Amino acid sequence: MDEKLKVELGKQGIFTTTLQELYNWGRRNSLWPLNFGLACCAIEMIATTMARYDLARFGAEVFRPSPRQADLMIVAGTITKKMAPQVVRLYNQMAEPKYVISMGACAISGGPFKQGYNVLKGIDRYIPVDVHIPGCPPRPEALIDAFITLQKQIDEQQLTGVGRPRHLDPDAPSEFIVPQFGPHDLEPPQNPDVWRPPLVNISLAGKNESGND
Amino acid sequence: MSATTAATAHFTPKPSTDGGEGQLLEVSMGPQHPSTHGVFRMDVALDGERVVKLKPVFGYLHRNHEKIAETETYLGSMPYTDRLDYLCSITNNWAYALAVEKLAGIQVPERAEYLRVITGELTRLQNHTSVIGFLLQDMGASGTPLMYAFREREKVLDLFESLTGSRMMCNYMRFGGCRADMPAGWLQQAQKVVEAFPRFLDEFERLLSGNEILMARTQGVGVLSKELAVDAGITGPMLRGSGVNYDIRKVDKYGIYERFSFKVPLGEHGDVYDRYMVRLLEMRESVKILQQAMRDVPPGPIMDAKTKLRGFRPKAGEAYGRIESPKGELGFYLISDGSPNPYRYRVRPPSLVNLTVLEDMCLGQNVADIVVILGSIDFILGEVDR
Amino acid sequence: MNLETIKSEIEANVPGCRLEIVPNNSPSGQHSLLIDSETALTVARFLRDAAHLRFDYCSNVTGIDWPGKEISEKVKIKKILDGVEQEVEEIQKTQSAGHLEAVYHLYSMEKKHGPVILRMRTEDRADRIHLPSLTPIWRSAEFQEREIFDLYGIVFDGHPDLRRILMWDGFEDHPMRRDYVEPDDYEYEPTPHDAVLQKAKQHLSETGGR
Ligand code: SF4
């Protein structure tokens, strides 16, 4: 429908919408997160739901303890290699449509604990991530911002065609391989269907001097 | 509330091995379970509702803090200590700073000692409120008590933020002093928060201490005897809840704690209720310490002038420094070989040691009590697994 | 309480024990007591039970890895050179076996004193890595000894439940040892710097950019 006409009709008290808008509106405003924290960032996640920041304003206060009832996984904290299989399993258990916010430096890349032998260097090695929030820990405002970003992303999605959401595409996978414990490391160390190391020019990196207090 | 909400619970009924007619049900609670506040798992065997076996499983947050610290400089490890017990970054800083100070024989200026006491006791306040909030949340009072607790916590976090620049990861102390002095008006602001705190405690107590449900769920539940507590190395409010008078602030008199008058609250029965009560009373004592410290804080430098933070190389040797963190005895054991990095860096985690008696406290209780007992231990997984 | 007096008291009460004071030259002045594994349990029990010592609280238990070092010494050897016996200086290199160490920090809750630091050493780092567990004396050592077993590989005899605690069960290495090689998963570094940058460069040069 023509945008102008729609606005005009709205002024006359006639509300029109499309199925797509209605559908996205519903998805966007009822993101139920999984009640699931991994480390320090989880405390900030809890703080976000509490009195001062009040995540409920964005329709996302219903933290569900079971992945079957949740739409959104907030990966809040360091994913250790011992925990990674359970995180992937929880993701697999969630019903579509499902989204992932990777909260904090650890969930993005390992963060301060990157050099740990038991630390997974980013959850996107195993599952697809919709929004990354940098910070260590990100402030509650940042988490709220990530929420709004995710809501915008959902709002803009076309229900048909190439860019359609994964759950409307019968060929797109909704479960991913769960890594196994190996004798030295996880097997496989990453899921090549989800993540391939981007080629970076390492020689250009590291120009910044470290050690600033 | 019961273990059936555990998302990853695997129910594998097994025939009872002890020849009884009942069947033992083995439940894996965690590592994703709303009551474990993180990634902790218990393998529980149940006879009906009764717990007959409980084995804690650790390591889901083992992020190699100790190994990384061996490759970092002494100063470089300070921000990592924030992330041990992430509710109480400042006391972690303190314990580490104390260990390094012992290792290198550093004296801390007067004003810095006062700042340490002030920030450390504020940390204790916000930790204990949050823990009580979490305990109540686990007990099923979802929402209100935790909301109240976090409302107060935010006030303390505001103070931390204006002093250190960060809400949670304060990275505030340095060996030889503190990183930043109080900004203008901070002390008055802090005084206001501290003066108002007892009122919040009164409110909390009115709401909770005499509450019938709370008493029914906590009194006589998760009893820890004095003897076991000492043998198992339990420290902190949990130990004192069992009636053992051992507070490192009094025993070691580290820093300037001997200048303040405060009492050490002790429990009698060693159950969940006593631990809850000890925490509440400890907060009142902390308020007293804070009032005295804020009254007396002297002017002066906040860093020892002789200590070089960069390129810091203590002589070869070792030191163990410990403090009374809100969770219990937090110790750092450092070995220097004269190089800029510690040769060995060890954290003595109160949370891990306090968790070891979980099975003893849970045996014979109902499965729903596990959650309450767990909440009364006050552990943070960043510190348990490091 | 002086460590010398404690040492002589233990020697008087535990026959056959071999004790040695390991001095600590740092300003902390926390010297420690090296005990032998045969009488370790008796020594520990004495420290816990003796009425005026009462070290009833074992606070910190930890492991340390001391890898073998190459020791080069100058030795004088008699050699026959050009038919004449001469004394020649040669540098002899020996590889010491190294050892693993377990450290216990003891305090007394009853008497409110401490710490007394006990150390035990294994004979080497490869297969003679057994030490007696002190868990029968102090329960608090139980989980911390498990952690040492997991991360350092010291086997504690007499421990009630010696399993891995932090790493998963099928894990094979002992990651806190100094010669542990971590898995190479530095494929991608968004903001590499310092040590991580070095590791990323090494990864890329080994795998040809992948
Ligand atoms: S990003 Fe920082 S705050 Fe968040 S889990 Fe990692 S270390 Fe903790």
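Remember, it's a predicted structure, so these values are computed and weren't measured experimentally.

What counts and how
- Residues numbered from 1 in each chain as written.
- Chains lettered and ligands numbered in written order.
- Predicted model: local features only at pLDDT ≥ 70, side-chain atom pairs only at ≥ 80, totals over all residues.
- Heavy atoms only, no water.
- Near = heavy atom within 4 Å.
- Helix = DSSP H or I, 4+ residues; strand = E, 2+ residues; numbered from the N terminus.
- Nonpolar A, V, L, I, M, F, W, Y, C, P; charged D, E, K, R; others polar.
- Contact = heavy atoms within 4.5 Å.
- Pairing = 2+ DSSP bridges.
- Axes fitted to C-alpha atoms, helices over the stretch in contact; angles between N-to-C directions.
- Core = buried A, V, L, I, M, F, W, Y, C linked by side-chain atoms within 4.5 Å.
- Buried < 20%, exposed > 50% of the residue type's maximum accessible area, 1.4 Å probe, protein only.
- Domains from an automatic or database assignment.
- Parallel < 35°, antiparallel > 145°, perpendicular 65-115°, else oblique.
- Left-handed = near helix turned anticlockwise from the far one by under 90°.
- Buried area = accessible area lost by both parts, 1.4 Å probe.
- Salt bridge = Lys/Arg side-chain N within 4 Å of Asp/Glu carboxyl O.
- Polar contact = N/O pair within 3.5 Å; in protein donor to acceptor, adjacent residues only side chain to side chain.
- pLDDT = per-residue confidence, 0-100.
- Phe/Tyr/Trp six-rings, centres within 6.5 Å; stacked < 30°, edge-to-face > 60°.

Right, let's talk about the site of the ligand for a bit. Taken together, 16 residues surround the ligand, and among them C40(A), C41(A), A105(A), C106(A) and C136(A) come closest. At the site occupied by the ligand, nearby residues are drawn from chains A and B. Where the shell around the ligand is concerned, the elements lending two or more residues are α3 (40-49) and α5 (104-109) of chain A. In the shell around the ligand, the residues fall into 10 nonpolar, 4 polar and 2 charged.

With that settled, the discussion passes to the side chain of S351(B). With respect to the helices and strands, S351(B) occurs in helix α12 (residues 350-355). In contact with S351(B), other than residues within four places in its own chain, are K327(B), D378(B), F379(B), I380(B), E383(B) and V384(B).

Residue and element names in this part refer to chain C. One open sheet holds the 5 strands; their spatial order is β1-β2-β7-β6-β3, and the pairing between them is mixed. The open sheet has two edge strands, β1 (19-22) and β3 (57-67), and neither has a second partner. Taken over all neighbouring pairs, the strand axes of this sheet differ in orientation by 25° on average, direction set aside. In terms of strand pairing, strand β6 (residues 98-107) meets strand β7 (residues 116-121) through 6 bridges, oriented antiparallel. Considered in β7, the bridge of A102 is made with M120. Contacts between helix α3 (residues 141-151) and the sheet are confined to β3 and β6, with β3 contributing the most and set at about 10° to the helix.

Here we take up the nonpolar core. The biggest cluster of nonpolar side chains holds 205 residues, and the ones touching the most others in it are M73(A), Y86(B), L122(B), L358(B), I10(C) and Y104(C). At 11 residues, the largest contribution of residues to this core is made by helix α4 (residues 110-139) of chain B. Both domains that furnish three or more residues to this core are identified here as domain 1 (3-57) and domain 2 (65-385) of chain B. The residues contacting I10(C), other than those within four sequence positions of it, are C17(C), L19(C), L33(C), V43(C), F46(C) and L47(C). L31(A), Y53(A), L72(A) and Y99(A) belong to the second largest nonpolar core, which has 22 residues in total.

Here strand β5 (residues 41-47) of chain B runs beside strand β6 (residues 50-57) of chain B; their pairing, made up of 7 bridges, is antiparallel. Paired with L46(B) across the bridge in β6(B) is V51(B).

This part takes up the packing of α4(B) against helix α11 (residues 272-296) of chain B. All names here are of chain B. Between α4 and α11, whose axes approach to 9 Å, the crossing angle comes to 155°. By the criterion of interaxial angle, the relationship of α4 to α11 is roughly antiparallel. The handedness of the crossing between α4 and α11 is left-handed. Classifying every residue of the contact of α4 with α11 gives 17 nonpolar, 3 polar and 5 charged.

Often, the extent of an interface is quoted as the loss of accessible area upon association of its parts. The partner chain B presents 46 residues to the 43 residues of chain C that form the contact. Of the roughly 3600 Å² buried where chain C meets chain B, counting both sides, 53% is carbon and sulfur surface. Seen at the junction of chain C and chain B, the total is 5 salt bridges. The interface formed by chain C and chain B holds 31 residue pairs in polar contact (both at pLDDT 80 or more) in total. For the side of chain C that touches chain B, the secondary-structure elements that each account for two or more residues are β3, β6, β7 and α3 of chain C. For the side of chain C that touches chain B, the leading source of residues is β3(C), giving 10 residues.

The next thing to look at is the domain arrangement of chain B. All names here are of chain B. Parsing chain B into structural domains produces domain 1 (3-57) and domain 2 (65-385). The C-alpha centroid of domain 2 is placed 31 Å from the C-alpha centroid of domain 1. Taken together, the 19 residues of domain 1 in the interface contact 17 residues of domain 2. Each partner contributes to the roughly 1600 Å² buried at the junction of domain 1 and domain 2, and carbon and sulfur atoms together form 68% of this total.

Let's shift gears to the confidence of the model for chain B. Parts of the model with low pLDDT should not have their predicted coordinates read in detail. Predicted confidence across chain B gives a mean pLDDT of 85, with 94% of residues reaching 70 or more. Counting interchain partners and residues more than four positions distant, the pLDDT-below-50 stretch residues 1-13 of chain B has 39 contacts.

This part covers the sheet that holds strand β2 (residues 99-103) of chain A. Residue and element names in this part refer to chain A. On the basis of which strands lie adjacent, the open sheet formed by 3 strands has the order β1-β2-β3 and parallel pairing. The open sheet has two edge strands, β1 (72-76) and β3 (131-133), and neither has a second partner. This sheet shows a mean twist of 15° between the axes of neighbouring strands, independent of strand direction. Here β1 pairs with β2 via 5 bridges, running parallel. By the bridge assignment, V75 is partnered in β2 with S102. Docked against the sheet, α3 engages β1 and β2, running at close to 130° with respect to β1.

As a further point, take the pattern of salt bridges. Any two side chains of opposite charge can pair, so long as their charged atoms come close to each other. Residues and elements named next belong to chain B. In this structure the tally under the stated criterion is 59 salt bridges over all chains. Here E121 and R124 are joined by a salt bridge, their closest N and O atoms 3.2 Å apart. Separated by 3 residues within a single helix, E121 and R124 lie in helix α4, roughly one turn from each other. For the residue pair E121 and R124, the accessibility class agrees, reading buried in each case.

Moving on, we come to the side chain of N24(A). All names here are of chain A. Within the secondary structure, N24 is located in helix α2 (residues 19-28). One polar contact links N24 to R27, side chain to side chain, over a distance of 2.7 Å. Of note is the side chain of N24, whose polar atom sits 3.3 Å from the backbone oxygen of D155. Once you skip the residues sitting within four places of it in the chain, N24 turns out to touch I154, D155, Q157 and L159.

Residues and elements named next belong to chain B. A complete count under the given rule lists 27 aromatic pairs over all chains for this structure. Aromatic side chains Y74 and F312 sit 5.6 Å apart centroid to centroid with 80° between the ring planes, which places their arrangement in the edge-to-face category. With a gap of 238 residues between them, Y74 in the loop between α1 (65-71) and α2 (78-82) and F312 in the loop between α11 and β9 (317-325) connect regions that are remote in the sequence. On the basis of relative accessible area, Y74 is assigned to the buried category, the value being 1%. Residue classification places F312 among the buried positions, given a relative accessible area of 10%. The interplanar angle of 85° and the centroid separation of 6.0 Å between the aromatic rings of Y114 and F260 together place this pair among those described as edge-to-face.

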